[in-house]
Amino acid sequence: EIRGNLKTRDKVIRREIDLVPGQRYRQSLMASSRQRIFSLNYFSDVKPDLSPNSDGTIDMVFEVTEKDNIGTFQIGAAYSQIDGFVGTLALTIPNFRGAGEELKVDLQYGLNRHAIDIGFKEPWAFDSPMSLSGEIFYSWSVPFYYTSLRDTLQSKGFEIGVGRSKLPWPDNHFSIDGSYRFSYEMSTYNADTSSPVIKVLRDGILSRLSCSITRYDLDMPQFPSSGSKLTVTSQISGLGGDFSYLKGIVDYDHYFPLPFKLVLGSRIKGGLIHPVSGPIKISRYDLFKIGGVYGDADLRGYDEYSIGGYYGTRPDLGISMFASTLELRYPLLEQQLYLGVFGDIGNTWPTLAMVDLGDLYKGVGFGLRLNIPMMGLMGFDFAWGLDDPNRTAFGGKPHGFVLHFLMNRGF
């Protein structure tokens with residue numbers, strides 16, 4: 001029995017339950033079912049229970065408490081360290097029609113950014129664990145940190161995707177997703193592309209296939225306290241169009257509960273870009289970039305995108321990447337207000353052979369996360385960079401203090 005779901009359809013919950021009528025009861029499957037229902041992020045509480053019958057069988061009862069206003073509708077202004085102040089009109093419904101479908105419409109307009117993004121996702125097409133998604137987008141921006149360079153970025157196109165959750169092997173925590181993106185990419189930044197292994201194109205057609213395999217067993221989608229998430233992503237561009245490269249990324253998160261409600265979290269991320277044939281042909285935006293909180297990996301205490309191939313005269317520095325984070329988190333108010341301390345390390349290099357784990361930039365700090373109804377998750381990170389981003393063999397001075405502001409992200 002499903003109880004308490006006033007908006008969400010029964011089938012959206014039932015399809016996440018691993019136990020099937022007629023099977024022998026297993027406590028481990030009950031626990032994994034509760035975890036899967038929680039991972040939908042539609043419910044603030046899930047209470048499974050057993051009801052014994054006189055014939056020796058048992059009935060299962062899942063009582064859920066639906067979150068208030070899990071969708072968001074925003075009209076106003078927003079600020080980010082990349083785009084500055086932007087007027088916004090955004091509608092996001094993660095449980096559209098109570099069927100688990102996701103609908104989003106996002107309009108942004110500001111001095112440094114114009115964008116529109118319309119997307120829809122059906123996570124269980126034809127009542128099977130197969131997802132279908134589609135998105136159309138347009139964006140034009142002048143990154144706020146670098147307006148003096150008069151650099152503009154433009155991207156317009158579409159993306160379609162298909163996926164499969166609950167894979168039967170190696171276990172049902174695995175899922176696979178594939179997508180195809182077709183877009184026109186344009187940049188006015190005149191980067192030095194003298195490296196023989198890479199050519200950074202200022203504009204062209206991007207035709208790219210992507211595939212991701214994910215294993216997910218976090219106990220909560222937001223502020224998890226136990227479990228892990230592993231994602232392996234591969235991309236190939238060059239099936240028509242002007243860009244040509246292979247890109248692979250491995251991302252692993254793990255969380256451990258500690259006494260006194262403390263949670264220790266760790267994250268490791270690495271990536272490599274490789275040519276398909278001839279030199280790598282890529283846009284500057286698709287090079288690996290770290291620094292701040294908006295790049296391919298967190299490196300707080302440094303300016304956004306300040307390390308890697310995104311800016312500067314060495315685009316080949318964005319071909320390989322390694323980054324890691326260690327965090328300690330405490331709930332001041334469960335699922336509402338959190339305090340955390342963290343340490344980040346990371347760098348990018350020209351080739352895989354040149355990856356040097358002794359050559360990593362380091363940052364430390366503390367932060368707050370506040371979950372505000374109808375607005376989402378708001379965060380402030382106070383960080384200190386311990387190295388000079390322009391350092392040489394003779395060293396350099398520490399980068400110093402940087403305040404990072406971010407939305408809808410944990411630590």
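1. Some points on unusual backbone geometry
Between Trp169 and Pro170 the backbone carries a cis peptide bond, its omega angle lying at 0 degrees. Of note, Pro170 is situated in the loop between strand 9 (153-164) and strand 10 (174-187). Phi at Lys261 is positive, roughly 65 degrees, even though this residue is not glycine. Looking at the secondary structure, you find Lys261 in the loop between strand 14 (245-257) and strand 15 (263-274). Owing to a relative accessible area of 54%, Lys261 belongs among the exposed residues under this scheme.

2. Digging into the sheet that holds strand 1 (residues 2-3)
As summarised here, the arrangement of the 3 strands in space is 1-3-2, forming an open sheet in which the pairing is mixed. Strands at the two margins of the open sheet, each flanked by one partner only, are strand 1 and strand 2 (43-52). Pairing of strand 1 with strand 3 (residues 58-66) involves 2 bridges; the strand directions are parallel. Looking at the pairing, Arg3 lines up with Glu63 of strand 3. Across the face of the sheet, helix 2 (residues 27-39) comes into contact with strand 2 and strand 3 while running at roughly 150 degrees to strand 2.

3. A closer look at helix 2
Relative to the 18 Å expected for 13 residues at 1.5 Å per residue, helix 2 spans 19 Å between its end C-alpha atoms, a close match to the ideal helical length. Of the residues making up helix 2, those classed as buried are Leu29, Met30, Ser32, Ser33, Gln35, Arg36, Ile37 and Phe38. Just beyond helix 2, the residue with positive phi is Asn41, at close to 65 degrees.

4. Focus on the packing of aromatic side chains
Under the definition given, this model contains 9 aromatic pairs. When the centroid spacing of 6.1 Å and the interplanar angle of 65 degrees are considered together, the rings of Tyr42 and Phe43 count as edge-to-face. Phe43 gets classed as buried once you look at its relative accessible area, which sits at 2%. Judged by centre distance (5.3 Å) and plane angle (45 degrees), the ring pair of Phe380 and Phe405 falls under tilted. Linking Phe380 in strand 22 (residues 376-385) with Phe405 in strand 23 (residues 400-407), this pair joins segments that are 25 residues apart in sequence.

5. Some remarks on the environment of Ser266
Among the secondary structure elements, Ser266 is positioned in strand 15. On the accessibility criterion, Ser266 (25% relative accessible area) is partly exposed. The spatial distance from the C-alpha of Ser266 to the C-alpha of Ser324 is 7.4 Å, given a sequence separation of 58 residues. The contacts of Ser266, once residues within four sequence positions are left out, are Tyr252, Asp253, His254, Thr325 and Leu326.

6. Re the environment of Ser128
Within the secondary structure, Ser128 is located in the loop between strand 7 (113-122) and strand 8 (130-141). Put simply, Ser128 and Arg164 are 36 residues apart on the chain and 8.7 Å apart in space, counted from C-alpha to C-alpha. There is a polar contact of 2.8 Å between the side chain of Ser128 and the backbone oxygen of Ala125.

7. Focus: the pattern of salt bridges
Taken as a whole and assessed by the stated rule, the structure comprises 20 salt bridges. In this structure, Lys104 engages Asp117 in a salt bridge whose closest nitrogen and oxygen atoms are separated by 3.9 Å. Highlighted residues: Lys104 in strand 6 (residues 101-110) and Asp117 in strand 7, separated in sequence by 13 residues. Taking relative accessible area as the criterion, Lys104 reaches 27% and is therefore assigned partly exposed. As a salt-bridge pair, Lys362 and Asp387 come within 3.2 Å of each other at their nearest N and O atoms. On the criterion of sequence distance, the pair formed by Lys362 in strand 21 (residues 361-372) and Asp387 in the loop between strand 22 and strand 23 is long-range, its members being 25 residues apart. Each of the salt bridges in this network shares a partner with another, and the network as a whole consists of Arg300, Asp344, Arg369 and Asp381.

8. What about the pairing of strand 6?
As paired elements, strand 6 and strand 7 share 8 bridges and run antiparallel to each other. Bridge pairing links Leu103 to Phe120 in strand 7. Where strand 6 hands over to strand 7, the hairpin turn is made up of 2 residues, counted between the paired strands.

9. Some remarks on the pairing of strand 8
Relative to strand 8, strand 7 runs antiparallel, the two sharing 10 bridges. Across the sheet, the residue bridging to Ala115 is Ser139, located in strand 8. Here 12 bridges tie strand 8 to strand 9, and the two strands are oriented antiparallel to one another. Within the sheet, the bridge partner assigned to Phe137 lies in strand 9 and is Gly157.

10. Looking at the confidence of the model for the protein
Taken residue by residue, the protein gives an average pLDDT of 86. The fraction at 70 or more is 89%. Predicted confidence in the protein is weakest over strand 4 (residues 72-80), with a mean pLDDT of 62, and strongest over strand 14, with 97.

11. Details of the nonpolar core
Counting 21 residues, the largest nonpolar core has Ile198, Tyr245, Ile273, Ile280 and Ile282 as its most contacted members. Contributing elements (two or more residues each) for this core: strand 11 (198-200), strand 14, strand 16 (280-282) and strand 19 (320-333). By size, the runner-up hydrophobic cluster in this structure holds 15 residues, among which are Ile2, Ile13, Leu19 and Phe43.

Reading the values: rules and limits
Throughout this description, residue numbers start from 1 for each chain and increase along the sequence as written. With pLDDT at 70 or above as the cut-off, local features in this predicted model cover only qualifying residues; side-chain atom pairs require 80 or more to be listed or tallied, and sums for whole chains, interfaces and linings still use all residues. No hydrogens and no water enter the side-chain calculation; it runs on all heavy atoms of the structure. Comment: elements are numbered from the N terminus, with helices defined as DSSP H or I runs of at least four residues and strands as E runs of at least two. Only protein chains enter the accessibility calculation, which uses a 1.4 Å probe; a residue whose area is less than 20% of its type maximum is buried, one above 50% is exposed, and one in between is partly exposed. Two strands pair under a simple rule: DSSP has to find at least two bridges between them. Note on contacts: a residue pair is in contact if any heavy atoms of the two residues lie within 4.5 Å. In this analysis, axes come from line fits to C-alpha atoms, helices being fitted only over the stretch in contact, and the angle between any two N-to-C directions falls in the range 0 to 180 degrees. Helix span, as expected, comes to 1.5 Å for every residue beyond the first. Here a Phe, Tyr or Trp ring, Trp counted by its six-membered ring, pairs with any other such ring whose centre lies within 6.5 Å, and the pair is stacked when the planes are under 30 degrees apart, edge-to-face when over 60, and tilted otherwise. Polar contact criterion, stated in full: a pair of N or O atoms within 3.5 Å, where within protein one must be able to donate a hydrogen and the other to accept it, and residues adjacent in sequence count only if both atoms are side-chain atoms. Criterion for a salt bridge: a side-chain nitrogen of Lys or Arg within 4 Å of a carboxyl oxygen of Asp or Glu. Per-residue confidence from the predictor is reported as pLDDT, a score between 0 and 100. We define a nonpolar core as any set of buried Ala, Val, Leu, Ile, Met, Phe, Trp, Tyr and Cys residues linked to one another through side-chain atoms lying within 4.5 Å.

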